[in-house]
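Summary of structural features
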Amino acid sequence: MTYTSRSTSNKAYNGLPELQELESLIQEGKDLMRIRVPVHIQHQDTHLPFYVLEMGSTSPEAPVLALVGGVHGVERIGTQVILSFLKSLIRRLHWDSLLQDQLDHLRLLIVPMVNPGGMRDNTRCNPNGVDLMRNAPVEAEGKTPWLVGGQRLSRSLPWFRGENGAPLEPENQALADAIHHGLKQQKYAISLDCHSGFGTRDRLWFPYAKSTAPWPGIGAAHRLTELFEHSYPSHEQYLFEPQAHSYTTNGDMWDYLYDDYAGQQPDGCFIPITLEMGSWLWVKKNPRHLFRYHGLFNPVLPHRHQRILRRHLVLFDFLMSATRTMPMWAPASASDQQRAMQDALSRWYPGLDGNITTAV
């Protein structure tokens, strides 16, 4: 479905200033974007648009950077940091010839608000009561933390996966379609899914969430980590690690999407990353966050909110450059892949044999 502008008085905006900002940015940058609304998400008496934006190259060979936010509705800051980056990008493209050249050689795929109904309700789950990051048909290897790892007991409990055997929730199906079609011909791709709410430090997580065994793509992820740390030696806010070092889960969408990509591009290189902004630090600095559910996942004070919107711009710019140049640094030959894997095991799985079997 193609995009058509809507009046800012539309009742869909109630409780969704992010949607209003997104559509304002679409109007401002519509000549630079390819805009689709493949589905509308039903929420009470209205239907909320699910936006998929593309910018940059249309070449089948162009590497892809996918930016995703708003999977958990209460974690609004994820959508907000993407909108902040998008605003900067649109305005820089009017004068920055180097940025224009960069976009000529890569494609941006942006899904800024996966769960507009949950965002409108200020809830983690979608309007059907399903946690979208526990909803994929992926089963963890071994035990997962009770409830947190995903449960099918009740919609009234958090981390509900959905009914066994049910299709993907409409938000996840739209996301899966966007990623599948956006990456199906690409040999090189990176994705960044922006969340908040875990720990006192910003984490960049790699798959798998389903297994404590090393992920098959961990060598390429380590190479990317080295690029960032070498290029920004004073930028120490991020902790790069496999997600399973913190906890394992059932139903992780990025496990599902990576496996889908690997099935269609066995020789490709796709690095899904989850940015988990450490909101516990915000609570520690300002205990008033404890008295607002919203405040457990989002910065409340205006100066801190602006700081969070600024601080991740370096990461976005880095990922654009890293995506464009993936053919130069991603491990390609069998020997290079083996070296990259061994480096990753030495860092994240010390003491394990270099020939350890990876997760499948």
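Structure shown above.
Here's what I pulled together on the structure shown here.

The rules behind each value
Residues numbered from 1 in each chain as written. Predicted model: local features only at pLDDT ≥ 70, side-chain atom pairs only at ≥ 80, totals over all residues. Heavy atoms only, no water. Helix = DSSP H or I, 4+ residues; strand = E, 2+ residues; numbered from the N terminus. Expected span 1.5 Å × (residues − 1). Buried < 20%, exposed > 50% of the residue type's maximum accessible area, 1.4 Å probe, protein only. 1 Å grid on protein atoms, 1.4 Å probe; cavity = no way out; pocket = protein on both sides within 12 Å on 5 of 7 lines; lining within 4 Å. Points joined across faces, edges and corners; volume = space filled by probe spheres on them. Nonpolar A, V, L, I, M, F, W, Y, C, P; charged D, E, K, R; others polar. Core = buried A, V, L, I, M, F, W, Y, C linked by side-chain atoms within 4.5 Å. Contact = heavy atoms within 4.5 Å. Pairing = 2+ DSSP bridges. Axes fitted to C-alpha atoms, helices over the stretch in contact; angles between N-to-C directions. Salt bridge = Lys/Arg side-chain N within 4 Å of Asp/Glu carboxyl O. Phe/Tyr/Trp six-rings, centres within 6.5 Å; stacked < 30°, edge-to-face > 60°. Lys NZ or Arg CZ within 6 Å of the ring centre and 35° of its normal. Left-handed = near helix turned anticlockwise from the far one by under 90°.

The subject of this paragraph is helix 6 (residues 218-231). A rise of 1.5 Å per residue sets the reference length of helix 6, with its 14 residues, at 20 Å; its end C-alpha atoms lie 20 Å apart and thus fit the reference within 8%. When helix 6 is considered as a whole, its buried residues turn out to be I218, G219, A220, A221, H222, R223, L224, T225 and F228.

All told, the structure shown has one cavity of 30 Å³ or more when counted by the stated rule. As for the largest cavity, its lining consists of W205, F206, P207, Q243, D252, W254, D255, P272, I273 and T274. The set of elements that each furnish at least two residues to the lining of the largest cavity consists of strand 6 (202-206), helix 7 (253-264) and strand 8 (269-277). For the lining of the largest cavity, the element with the most residues is strand 8, which contributes three residues. Its residues placed into classes, the lining of the largest cavity shows six nonpolar, two polar and two charged.

Our next topic: unusual backbone geometry. With omega at -5°, the peptide bond leading from P207 into Y208 counts as cis. Within the secondary structure, Y208 sits in the loop between strand 6 and helix 6. Of note, L147 is a non-glycine position whose phi angle comes to about 70°, a positive value. Along the chain, the position of L147 falls in the loop between helix 4 (116-121) and helix 5 (170-183). Look at L147 and you get buried, because its relative accessible area is 13%.

Let us look at the nonpolar core. Counting 95 residues, the largest nonpolar core has L108, I190, L192 and I271 as the members making the most contacts within it. With eight residues, the single largest contributor to this core is helix 2 (residues 76-92). Ignoring sequence-local partners within four residues, the contact set of I190 consists of V64, L65, A66, L224, F270, I271, I273, L319, A322, T323, M326 and W329.

This part takes up the sheet that holds strand 6. Spatially, the eight strands line up as an open sheet ordered 1-2-4-3-5-8-6-7, and their pairing is mixed. A single partner strand is all that each edge strand has here, and the edge strands are strand 1 (34-43) and strand 7 (238-242). For this sheet, the mean angle separating the axes of adjacent strands, direction not counted, is 20°. In this fold helix 2 packs onto strand 2 (46-56), strand 3 (64-69), strand 4 (107-111), strand 5 (188-196) and strand 8, with an angle of close to 135° to the strand it touches most, strand 3. Helix-sheet contacts for helix 7 involve strand 3, strand 5 and strand 8, and the interaxial angle to strand 8 is about 170°.

So, on to the pattern of salt bridges. All told, the structure shown has 19 salt bridges when counted by the stated rule. A salt bridge links E75 to R124; its shortest N-O distance comes to 3.6 Å. In this pair, E75 is assigned in the loop between strand 3 and helix 2 and R124 in the loop between helix 4 and helix 5, connecting sequence segments 49 residues apart. Note on E75: relative accessible area 3%, which makes it buried. With a shortest N-O distance of 3.9 Å, R152 and E139 are connected by a salt bridge. Taken together, the positions of R152 in the loop between helix 4 and helix 5 and E139 in the loop between helix 4 and helix 5 put the pair 13 residues apart, joining distant regions of the chain. Linked through salt bridges whose partners overlap, the residues forming this network are R34, E54 and R107.

Quick look at the side chain of H43 now. Note on placement: H43 falls in strand 1. With residues near it in sequence (within four places) discarded, H43 still touches L48, G117, R120, D121 and P127.

All right, on to the side chain of D202 then. Inspection of the secondary structure assignment puts D202 in strand 6. For D202, the contacting residues outside a window of four places in its chain are Q237, Y238, L239, L275, E276, M277, G278, R311 and H312.

Attention shifts here to the packing of aromatic side chains. Overall, the coordinates contain 14 aromatic pairs when judged by the stated rule. Between the aromatic rings of W205 and Y247, the centroid separation amounts to 5.7 Å while the plane-to-plane angle is 90°, which identifies the pairing as edge-to-face. Residue W205 is located in strand 6, and its partner Y247 is located in the loop between strand 7 and helix 7; the two are separated by 42 residues in the primary sequence. The same class applies to W205 as to Y247, namely buried. With 5.6 Å between their ring centres and 65° between their planes, F206 and W348 make a pair best called edge-to-face. Taken as a pair, F206 in strand 6 and W348 in helix 12 (residues 334-348) lie far apart in primary sequence, 142 residues in all. Taken together, F206, Y208, W215, F228, Y232, Y238, F240, Y258, Y261, F270, F318 and W348 form an aromatic cluster joined through their ring pairs. The ring of Y208 is capped by K210, whose NZ or CZ atom sits 4.4 Å from the centre of that ring.

As for its position among the elements, E54 is in strand 2. Its relative accessible area of 18% is what places E54 among the buried residues. The sequence separation of E54 and R107 amounts to 53 residues, and the corresponding C-alpha distance is 7.0 Å. Filtering out sequence-adjacent residues up to four positions away, E54 remains in contact with L32, M33, R34, R107, L108 and L109.

Two elements in contact, helix 2 and helix 10 (residues 313-324), have axes whose closest approach is 10 Å; the angle formed by their N-to-C orientations is 65°. For the pair helix 2 and helix 10, the sense of crossing is right-handed. Within the contact between the two elements, helix 2 uses V81, I82, S84, F85, L89 and R92 and helix 10 uses L313, F316, D317 and M320. Each residue belonging to the contact of helix 2 with helix 10 can be placed in one class, and the counts come to seven nonpolar, one polar and two charged.

Remember that the coordinates give geometry; whether it matters functionally is a separate question.
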